[in-house]
Amino acid sequence: MDTILWALMGIVAGACIATQAPINAQLGRNLGVPIAAAGVSFVAGAILLWTIAFIYSNVASIPINFGAPAPWTFVAGGVLGAFYVFSNIMLTPMIGAAAVMALSVAGQLVGGMFLDKIGFMGMAVREISMGRIAGAVLLVTGALMIRVL
């Protein structure tokens, strides 16, 4: 049952990103500066996430330990996320939401396979098997078909 719930959460998260792309693209057009839409998106998300984090921290009586993480990790995820959101804002009006999402998922899969292979940041190492390669090729082919056909 847990596996189904986690899979559904992943599907809903993907649908949220697919919906976010055209919303942010429209916001960028309305603001006149597409990168401003990325900034607005991140500020809104940051406010919500910090609110939830502080509520959770207080309810669970678990203090947020700002001294534990390596300093570079405080900005790395945000920088990568900003590039992703900005790219979606720029690409969605040009190639469409479906193509942007398909190419994004293809990039995530290929990147994820590489990160699994090297055990990035303590993740379990997972070898790149022929089945994983075949799945990646099919996904990238599907992404290209969505964009080209």
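Below is a summary of the structure that appears in this document.

Procedures and definitions
- Residues numbered from 1 in each chain as written.
- Predicted model: local features only at pLDDT ≥ 70, side-chain atom pairs only at ≥ 80, totals over all residues.
- Heavy atoms only, no water.
- Axes fitted to C-alpha atoms, helices over the stretch in contact; angles between N-to-C directions.
- Helix = DSSP H or I, 4+ residues; strand = E, 2+ residues; numbered from the N terminus.
- Parallel < 35°, antiparallel > 145°, perpendicular 65-115°, else oblique.
- Left-handed = near helix turned anticlockwise from the far one by under 90°.
- Contact = heavy atoms within 4.5 Å.
- Nonpolar A, V, L, I, M, F, W, Y, C, P; charged D, E, K, R; others polar.
- Buried < 20%, exposed > 50% of the residue type's maximum accessible area, 1.4 Å probe, protein only.

1. Quick word on the packing of helix H3 (residues 73-95) against helix H4 (residues 97-118)
Alright, step 1. The interhelical angle for the contact between H3 and H4, taken along N-to-C directions, is 140°, at an axis separation of 7 Å. When the axis of H3 is compared with that of H4, the two are oblique. Every pair of crossing elements has a handedness; the one defined by H3 and H4 is right-handed. Residues Tyr84, Asn88, Leu91, Thr92 and Ile95 of H3 form the contact with H4, whose own contacting residues are Ala97, Ala99, Val100, Met101, Leu103, Ser104 and Gln108.
Alright, step 2. Broken down by class, the residue content of the contact of H3 with H4 amounts to 8 nonpolar, 4 polar and no charged.

2. A closer look at the environment of isoleucine 35
Alright, step 1. Inspection of the secondary structure puts isoleucine 35 in helix H2 (residues 34-60).
Alright, step 2. A residue is classified by how much of its surface remains accessible, and isoleucine 35, at 51% relative accessible area, is exposed.

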